[in-house]
Amino acid sequence: MAAQIPSVTSLVSEAQTAFTNTYGGVAAVAVSAPGRVNIIGEHTDYNDGFVFPMALPLVTVIVGNKTESGMCRVQTLTNMADRPLQVQFEAPTPSSSQLTPSSPTWANYVKGVVAYFPGLVSGFDAVVTTSVPLGGGLSSSASLEVATYTFLEALTAATKPTSLKEKALVCQKAEHKFANVPCGIMDQFISTMGKKGNALLIDCRSLESTLVPLSDPAIALVITNSNVRHSLSGTEYPTRRRQCYQAATTLGKDSLRDATLSDLEKYKGSLSEEVYMRARHAISEIQRTQEAVDVLRKKDYVKFGKLMTDSHNSLRVDYEVSCPELDQLVDIANTCPGVYGARMTGGGFGGCTVTLVSCECVSDLIAHTNATYKGQATFYVCQPEEGAQVLSL
Ligand code: ADP
């Protein structure tokens, strides 16, 4: 069975109850920000390429109140975060010392956004809850950052509104500086700018983004969490980035965004086999993502699905970031009737797959996967949802 996704209303009421128990009174402000899945365009962001995510019905909710105490008090309701689950820190003022990252880790995502928020924060009490699985590759961290920013916007209504792009960039900076994760822009962009019934094509070079309709009631995207995460040595991602830069330099390009597969063939002899393969993935994936958007605009799901599966095979063979569990989930999906295509999504070595499937075949896909997959999978059946918003209480 697909996982039951809690409604936003139920998350808000859970957070409200905790708010009353922890701080007393009732929270007057509530916001939500979604997690995301990347439909196609993997390991393209640092090659100046395209990514194509959509916002999920899985969201992070924050409820709270403004205070004049000069303190920011935050509690998270998830058991998956490191302890303590309740923190407090001083609100930054023009004259006080700057905030710095510290323990617990989870609070740094909130603190980083408070630190870089372009407005004066006099203090607040807040409770965070989420339906985005933590560390599952569906971007719980960006949804926490974007929810925090949206919460601060709602508290400081007088502050000059920033553009959605600036908002996303502040959240990205918080993740870079306070969580020490050198992430791209995709997660914060889609959590901020997502629109119901649309996926978002993001050009990681120009930072331009375009909504692309994806609202056919006959199709669904099924996210399958493999529930595995292989331990990494820590060199896998930096090595691949370096290999892409090396290939671009050899090809005389600023980035692989500017290269074609025929450019790559010309320089094949000057590249190691591994660097050649890495570049072949990056170049072909950037092309595939653009082609996928073109065919999606024509509602050609057969071609779109094939491009998703091609993407998976490129990540598996050329980029070598898949794993047996993700390969098995994709293989199973592709044998099911009504499936157009499937691929791993996220950085790789575990996490989730995403499958494009006819709505009427979703339950068969899930049943067949449960019967065949060697691990224990979790399923989320999704349509593109709205980005961050202030909720009415
Ligand atoms: P993901 O793909 O889910 O973003 P990450 O490992 O990048 O995975 O980020 C997960 C981390 O973000 C958690 O370990 C925790 O520190 C923080 N986090 C995300 N959501 C919450 C939340 N609701 N409450 C507390 N911490 C959270």
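Structure shown above.
Because the structure is predicted, anything quoted here is derived from the model rather than measured. (Residues numbered from 1 in each chain as written. Predicted model: local features only at pLDDT ≥ 70, side-chain atom pairs only at ≥ 80, totals over all residues. Heavy atoms only, no water.)

1. Topic: the overall build of the chain
When helices and strands are counted, the chain shows 11 helices and 12 strands. For a compact globule of 393 residues, the expected C-alpha radius of gyration is about 21 Å, and the chain comes in at 21 Å, within 12% of that figure. Principal-axis analysis of the C-alpha atoms gives the chain an extent of 65 × 50 × 40 Å. A separation of at least 24 residues holds for 72% of the contacts in the chain among residues at least 6 apart in sequence. Accessible area of the chain: about 16,100 Å², with a carbon and sulfur share of 52%. (Helix = DSSP H or I, 4+ residues; strand = E, 2+ residues; numbered from the N terminus. Rg over C-alpha atoms; globule rule 2.2 N^0.38 Å. Contact = heavy atoms within 4.5 Å. Areas by Shrake-Rupley, 256 points an atom, 1.4 Å probe, with all protein chains shown as cover.)

2. Points about the site of the ligand
With respect to spatial proximity, 17 residues lie near the ligand, and among them Thr76, Trp106, Gly135, Ser140 and Ser141 are the closest. Contact between the ligand and Thr76: a nitrogen atom at 2.7 Å from a side-chain N or O atom of the residue. At 2.8 Å from an oxygen atom of the ligand is found a main-chain nitrogen or oxygen belonging to Gly135. With the chains in place, 80% of the 560 Å² that the ligand exposes on its own is no longer accessible. Among the cavities detected, the one that contains the ligand is the largest pocket. Listed by contribution, the elements that provide at least two residues to the shell around the ligand are helix H2 (105-116), strand E5 (124-130) and helix H3 (140-155). Counting residues per element, the shell around the ligand draws most heavily on H3, which supplies 3 residues. The residue inventory of the shell around the ligand, partitioned by class, reads 8 nonpolar, 9 polar and no charged. (Near = heavy atom within 4 Å. Polar contact = N/O pair within 3.5 Å; in protein donor to acceptor, adjacent residues only side chain to side chain. 1 Å grid on protein atoms, 1.4 Å probe; cavity = no way out; pocket = protein on both sides within 12 Å on 5 of 7 lines; lining within 4 Å. Sits in = over half its atoms within 2 Å of the grid points. Nonpolar A, V, L, I, M, F, W, Y, C, P; charged D, E, K, R; others polar.)

3. As for the pattern of salt bridges
Per the stated rule, a full pass over the model turns up 17 salt bridges. With a closest N to O distance of 3.0 Å, Arg205 and Asp258 form a salt bridge. Note that Arg205 is positioned in the loop between strand E6 (198-203) and strand E7 (209-213) and Asp258 in the loop between helix H6 (236-250) and helix H7 (261-266), a separation of 53 residues in sequence. Taking the shortest distance from any N to any O, the salt bridge between Glu320 and Arg278 comes out at 3.0 Å. Taken as a pair, Glu320 in the loop between helix H9 (301-317) and helix H10 (324-335) and Arg278 in helix H8 (residues 273-297) lie far apart in primary sequence, 42 residues in all. The partly exposed category is assigned to Glu320, whose relative accessible area is 37%. Shared partners join several salt bridges into a network, and the residues in it are Glu42, Glu285, Arg288 and Arg343. (Salt bridge = Lys/Arg side-chain N within 4 Å of Asp/Glu carboxyl O. Buried < 20%, exposed > 50% of the residue type's maximum accessible area, 1.4 Å probe, protein only.)

4. Examining empty space enclosed by the protein
If you walk through the whole model with that rule in mind, you get 2 cavities of 30 Å³ or more. Taken as a whole, the largest cavity spans an internal volume of roughly 40 Å³. Of all the secondary-structure elements, those providing two or more residues to the lining of the largest cavity are E5 and H3. Top element by residues in the lining of the largest cavity is E5. It accounts for 3 residues. For the lining of the largest cavity, the class distribution of residues is 7 nonpolar, 1 polar and no charged. Taken together, Thr224, Leu329, Ala333, Thr353, Thr355, Leu365 and Thr369 make up the lining of the second largest cavity. (Points joined across faces, edges and corners; volume = space filled by probe spheres on them.)

5. Describing the sheet that holds strand E8 (residues 219-229)
An order of E9-E10-E8-E11 is seen for the 4 strands of this open sheet, with the pairing classed as antiparallel. Only two strands of the sheet have a single partner each, and these edge strands are strand E9 (339-345) and strand E11 (378-382). On average, adjacent strands in this sheet sit at an angle of 20 degrees to one another, irrespective of strand direction. Bridging between E8 and E11 involves 5 bridges; their strand directions are antiparallel. Counted as the bridge partner of Ile223 is Tyr380 from E11. This element, H10, spans E8, E9 and strand E10 (350-358) of the sheet and lies at about 170 degrees to E9. Running at roughly 165 degrees to E11, helix H11 (residues 362-372) makes contact with E8, E9, E10 and E11 of the sheet. (Pairing = 2+ DSSP bridges. Axes fitted to C-alpha atoms, helices over the stretch in contact; angles between N-to-C directions.)

6. Focus on the side chain of Ser314
Here Ser314 is to be found in helix H9. Using a relative accessible area of 7% as the deciding quantity, one classes Ser314 as buried. Setting aside chain neighbours within four positions, we find Ser314 in contact with His281, Ser284, Arg288 and Tyr319.

7. As for the nonpolar core
Membership of the largest hydrophobic core comes to 36 residues, with the highest contact counts inside it found for Val74, Phe89, Val114, Phe124, Phe151 and Leu152. At the level of elements, strand E1 (29-40), strand E3 (71-76), strand E4 (86-90), H2, E5, H3 and helix H4 (164-178) are the ones that each hand at least two residues to this core. The residues touching Val114, leaving out its near neighbours within four places in the chain, are Cys72, Phe89, Pro92, Leu99, Phe124, Thr148 and Leu152. Within the second largest apolar cluster, 31 residues are counted, among which are Ile219, Leu221, Met308 and Leu356. (Core = buried A, V, L, I, M, F, W, Y, C linked by side-chain atoms within 4.5 Å.)

8. Side note on the packing of H3 against H4
For any two helices packed against each other, the geometry is given by the interaxial angle and the distance between the axes. At their nearest, the axes of H3 and H4 sit 10 Å apart, and the two run at 125 degrees to each other. Classified by the interaxial angle, the pair formed by H3 and H4 is oblique. The chirality of how H3 crosses H4 is right-handed. Between H3 and H4, the contacting residues are Ser141, Ala142, Glu145, Val146, Tyr149, Thr150 and Glu153 on the first element and Lys167, Val170, Cys171 and Glu175 on the second. (Parallel < 35°, antiparallel > 145°, perpendicular 65-115°, else oblique. Left-handed = near helix turned anticlockwise from the far one by under 90°.)

Interpretation note: all reported values are geometric properties and have no functional meaning in isolation.
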